[in-house]
Amino acid sequence: MRSGRVVAAVFGVAVVFGAAACGSSEAGQAPPTSQAVPTTTASVPTTTFAPTTTTSAPPTTTTTTSSAPPSTTAVEYARNEAVYFSSPTGGFECGIISLPTRTEAGCQGSTTPIPPRPENCMVNWGNGIRVTGKGPGEFLCSGGPVYTSGVSAADSVLSLGDKVSSFGFTCKSEAKGVTCVKDDTGHGFRIATDSNETF
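The structure presented is a predicted model; accordingly, all values stated were derived computationally and were not measured. (Residues numbered from 1 in each chain as written. Predicted model: local features only at pLDDT ≥ 70, side-chain atom pairs only at ≥ 80, totals over all residues. Heavy atoms only, no water.)

Asks: Account for the pairing of strand 2 (residues 82–86), with residues named and values stated.
Replies: Among the five residues that make up strand 2, five are buried, leaving the element largely enclosed by the rest of the structure. Sheet topology places strand 2 next to strand 3 (residues 93–98); four bridges connect them, and they run antiparallel. Each bridged residue has a counterpart across the sheet, and for Y84 the counterpart in strand 3 is G95. (Buried < 20%, exposed > 50% of the residue type's maximum accessible area, 1.4 Å probe, protein only. Helix = DSSP H or I, 4+ residues; strand = E, 2+ residues; numbered from the N terminus. Pairing = 2+ DSSP bridges.)

Here's what the structure looks like:
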């Protein structure tokens, strides 16, 4: 019985399609109708992401040096881990420098009086004074400029009354000249065009 219904249903569908296909003219015929077919849609789960906020901490900078860096007041005069400056008159180029064999403060320029040249000095004598960690200040025996940063212009002027400290030395610009002292010993020098002293 069931197969009879299926055959009848198939036959009915075939007749409907056959009748629609047999028409000799399109005029006068009703347009084909369509029937709504129910559909089902599977529900897809959705995911909503909350906005994220990232905060980064400022970078940390650590500087390590093998010897004491120039003091804050020396930053304007610092070049290559040393401190260089000119006297207010421009007559002296000075510096606090760390060399492989010693650390020293010194000034170069013409001064008077100059002690006699020692026998072991074969180059320029008396063109400046320096102080190291080994006693009182002493006159320079040098073959050329020592206390210059090497820039084309003169190094920054250390104004009257100002001082600069680095590597355990302090230099001060005064009306009577430039004075440099080894901080822990008190040894040093004062240099001016027409006078000088070592202590």
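Asks: An account of the state of the cysteines is requested, with residue identities and associated values reported.
Replies: Tallying each qualifying case throughout the model produces three disulfides. One disulfide in the model links C94 with C107; its S-S distance is 2.1 Å. Classification of the bridge connecting C94 and C107 rests on its S-S torsion, roughly 110 degrees, and on that basis the disulfide is right-handed. Taken as a pair, C94 in strand 3 and C107 in strand 4 (residues 103–108) lie far apart in primary sequence, 13 residues in all. The same class applies to C94 as to C107, namely buried. Look at the protein chain and number its bonded cysteines as they come in the sequence; the links are 1-2, 3-4, 5-6. (Disulfide = S-S within 2.5 Å.)

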